[in-house]
Amino acid sequence: MSGKGLASRADGKGIEGSFDPGAIEGELYARWERSGCFAPTGNGAPYCIAIPPPNVTDRLHIGHAFQHTLMDALIRYQRMNGRCTLWQTGTDHAQIATQMVVERQLLAQGTTLQDLGRKAFIDKVWDWKHGTGGDISRQIRRMGSSVDWSRERFTMDEGFSRAVMEVFIRLYEEGLIYRGQRLVNWDPKLKTSISDLEVDSREEAGRLWHFRYPLAPGLATDDGKGYLVVATTRPETMLGDTAVAVHPDDERYRSLVGKDVELPLAERRIPIIADDYVDPAFGSGCVKITPAHDFNDYEIGTRHGLALVNIFNADASVNDNAPPAYRHLDRFVARERIVADLDAAGLLERIEEHTLTVPRGDRSETVIEPWLTDQWFVKIGPLAEPAIRAVENGDIEFVPRQYENMYFAWMRDIRDWCISRQQWWGHRIPAWYDDAGKVHVGRTEAEARLKGGLDDAVALRQDDDVLDTWFSSALWTFATLGWPERTPELERFHPTDVLVTGYDIIFFWVARMIMMTLKFTGEVPFRKVYVHGMVRDAEGAKMSKTRGNGLDPLDMIDGISTEGLVAKRTANMTQPQMAADIAARTRREYPDGIPPYGTDALRLTFCAMASQGRDLAFDLKRIEGYRNFCNKLWNATKFVLMHVDGVADRASPIEESPADRWILSRTRKLAATAHRAIAAYRFDLYANAVYEFAWHEYCDWYLELTKPVLFDEEASAAQVGAARHTLLEVLATLLRIAHPMVPFITETLWRRLPKGNGTGDESTLMRQPFPTVDALPDDPEAEAAIDWLKTVVTGIRTIRGELNVSPARTMDLLLQGGSTRDRELLATTESLLRRLAKIGNLNWLATEDEPPPASVQVVGDLKIIVPLAGLIDLEAERRRLHKEIDKLAKDLRRVDGKLANDGFLAKAPAAVVAKERDKGEALHKQLDALAGQLSRLHAL
RNA sequence: GGGUGUUUAGCUCAGUUGGGAGAGCAACGGCCUUACAAGCCGUAGGUCGCAGGUUCAAGCCCUGCAACACCCACCA
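So, here is what we can say about the structure in this document.

Remarks on the environment of Trp126
Piece 1. For Trp126, the position within the fold is in helix 5 (residues 118-130).
Piece 2. On the basis of relative accessible area, Trp126 is assigned to the partly exposed category, the value being 23%.
Piece 3. Separated by 53 residues in the primary sequence, Trp126 and Arg179 place their C-alpha atoms 29 Å from one another.
Piece 4. Every residue in contact with Trp126, bar those within four places of it in the chain, is listed here: Phe154, Met156 and Trp425.

Have a look at this one:
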């Protein structure tokens, strides 16, 4: 190393105490934000990530914290690499979720949506949004996320709304948005349609009711019965039945096809039809058909021209199409009544327990009703095709790859997207109706009139519906950058580089972004999709309010008392009966609450756990280890600053030791690993490499290796200077490499270091260059020397450990055998060896000399001999040797087995064979040495 | 019913093109050694889910099976 890395300005302030995250984080973030260093700067190649916009209703949860850590690591890394970096942030208006939140608040205040009226309600929502609704943005700051706050967007801000309207109009004009009457998923609680994706199918225990439907007079089945048996899980829908279906090949019923049954209770006559859909083996082989309330039956109804009888109101109470006895009853009340009435009429054959999949709304959790309504749809086929191609041809890559299969499977079987919602909060559909019910679409009412040739005298009424929230989120990457305007930002940062997201919204969001972005910009929205797993609790269970197993990232950062945690977990429970259990478990699991670990420790934990493509079980125990790591960095820096004071003189000559050269070469390997890991989105490997290097190479070995020099009064100024320079240079390099994961502590420590060793903006580590591999020396010779030293020192320590010799006690050391190379290596490392292993006298024994009673370790050809006199317990040493010999003998048997195998010799590559031979020889030598030693001990 | 993933030390997970099974935490033993007890030194622990196959050689490739997890799907 030359002296060039280090500077003349050493502030030499030093640091005290230990790592205290609370004392550094808040102030530091504020300083970063004020200084504007989150905004894109410079002429580097652009690098852009669009944040998955959290809902305005969200509070920062562990999933956000995880995701934001990964994004921030990527952003900070690329910023340090000199890229012109934009992390585009913002929030989503979260149509249904937000309306529910504000509606609940109104209810608590004793008023309702209807009382307020549409306009006043929307004003209320905006008020809420400007108040507590934006908390999530403030919380994101606590994670250290370096987003560009000056460009924060909202999916209902003015510009974004313009983009949404523009997209709607253009799709409508192309015929890709249409309005029509269809059977849709209807949420009777929210009284709105929802898309297929918003329906969760869950297995639930239910029943299968078998009813008798009497045949029309004069008819009978083959076996003489006057009725057909139909089975249903939903008795109430029978009021809307318009047929009974059998399989066309079913001999039992062939003669009845085309005839009628009497629909009980409704007192209607409905036909018996034949359709392939029916499975003759299931139940009686007869199926009741309710086209207005079942998706399959709707299809069958269409095929057979059946009437649709809608029997439900919007809240799923029975309507006036049903017999008077059932009108206005809730669907589940009606069910009971109908079963009872059929039973009374002798038409209930039997009831079976039955597990069925029940469709529930993902927001309301209520049972979804297929219901016939007028809705707006996106004709999705033409949009899906190019989106499939973009992934097929590699324009977009998923990491890990397997998620592409999931994407393809869904996209190739995609169905039209119902985008209208019967709600108030959201983007209102830009369509107007005249008195005749004719629809006029335009960006504004005026445009709609103009296009429809309507003058002001014609009354128009705007469509009441709003758009699915995902319709606007689909435009996120380009609308946030200014589309439909061709802004410089759009030119520069689109397509974005990578989308970091969970697999749970691949269909909701990722797929739709790809479709919409290709359609409107002709570009992909992002080149890569990094799909991360979901954060679960330590046992692998989903974190949920109901389970009371959630962990708030802010509580891990700031700490929380046991009772604070209990209060949090049991507040506002939907199932209050769980509260006692949750409180008890929380007190058991967190008897001392959660200590404040700080943001860096949390971030490092997330990085280390970000394995590919699977969920992660978040165990709080992990974070403690990474907090300790931060403290380790703190203390290492404290040590360095104690010694670099006055290093500043660049002109002084320095003389690097093998240890100095070794750690620099190892630093080069670290940089290489970091670059490679980040490029592959292997945050776990990146975190592990930094941890391993900092703790086990830099601290455990290098710092210790500098002490013999720093504390040696006879060491030359050049030697001491080299150690100081290297300590500092490697620390500065390490801080830069670690910074994207642990920004707060690295920045804090870096500020204390003497400056002048970077090429970036000296005021912040954020703008220092990320170390390049080429700037660091590759020094295999030094690595070999220190590896040798480590092996010898470890051998001696093992002897100490096994024989319980105090580390404080100085021991003598004899060496025997060994190659010329061993003698060279000893010569270069002897002073280090003496110090690290606490060696007194050190002598070579001639090969033929008989060693004294001793404990022996063998390294290659070299015997490390620690004379036993007065040190040990012979029996313990014999046991140790036996164990060692057994282990080596086992290895040797395997090697010999290979070498005795002709197939191996003939077919394995020469290098592999040679390696085995060398291994065998080494094992033989070691075994001989240990066996000799053992026999000598027995002779004592 | 179709599909994907997982199965490696007590726990959480690495293991790159097939070539001597690894880390962290937990456990055990010893240390307040001049940055750090949130620390230091050392030790122990695994028939790599099961059964076959390919290969000189399998944690890794192929086939089958099992368990678990998730995604999709119209069995009343």
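Picking up after the structure, the text goes on.
Details of the protein's contact with RNA strand B
Piece 1. Not every one of the 56 residues close to RNA strand B is listed here, only the nearest: Ala231, Asp279, Phe282, Trp695 and Lys907.
Piece 2. The sugar-phosphate portion of RNA strand B accounts for 58% of its atoms within 4 Å of the protein, the bases making up the rest.
Piece 3. For RNA strand B, a phosphate oxygen lies 2.6 Å from a polar atom in the side chain of Arg614.
Piece 4. Broken down by secondary-structure element, the contributors of at least two residues to the surface near RNA strand B are strand 8 (227-232), helix 21 (620-644), helix 23 (683-710), helix 26 (780-803), helix 28 (874-899), helix 29 (902-907) and helix 30 (910-939).
Piece 5. At ten residues, the largest contribution of residues to the surface near RNA strand B is made by helix 21.
Piece 6. Here the surface near RNA strand B is composed, by residue class, of 22 nonpolar, 15 polar and 19 charged.

Some details on the sheet that holds strand 5 (residues 177-187)
Strand-to-strand pairing in sheets goes through backbone hydrogen bonds, with the strands running parallel or antiparallel.
Piece 1. Ordered in space as 6-5-14-16, the four strands form an open sheet in which the pairing is antiparallel. Each end of this open sheet is capped by a strand with a single partner; those strands are strand 6 (192-194) and strand 16 (417-418).
Piece 2. With ten bridges connecting them, strand 5 and strand 14 (residues 369-378) associate as antiparallel partners. Residue Asn185 lies in a different strand from strand 14, and its bridge partner there is Pro370.
Piece 3. Contacting strand 5 and strand 14, helix 8 (residues 295-304) runs over the sheet at an angle of about 135° to strand 5.

Some points on the sheet that holds strand 19 (residues 439-441)
Piece 1. Spatially, three strands are ordered 19-18-20 in an open sheet, and the strand pairing comes out antiparallel. Either end of the sheet is taken by a strand with one partner, and the two such strands are strand 19 and strand 20 (461-462).
Piece 2. In the packing of helix 12 (residues 445-452) onto the sheet, the strands contacted are strand 18 (431-433) and strand 19, and the crossing angle to strand 19 comes to about 115°.

Reading the values: rules and limits
Residues numbered from 1 in each chain as written. Chains lettered and ligands numbered in written order. Predicted model: local features only at pLDDT ≥ 70, side-chain atom pairs only at ≥ 80, totals over all residues. Heavy atoms only, no water. Helix = DSSP H or I, 4+ residues; strand = E, 2+ residues; numbered from the N terminus. Buried < 20%, exposed > 50% of the residue type's maximum accessible area, 1.4 Å probe, protein only. Contact = heavy atoms within 4.5 Å. Near = heavy atom within 4 Å. Polar contact = N/O pair within 3.5 Å; in protein donor to acceptor, adjacent residues only side chain to side chain. Nonpolar A, V, L, I, M, F, W, Y, C, P; charged D, E, K, R; others polar. Pairing = 2+ DSSP bridges. Axes fitted to C-alpha atoms, helices over the stretch in contact; angles between N-to-C directions.

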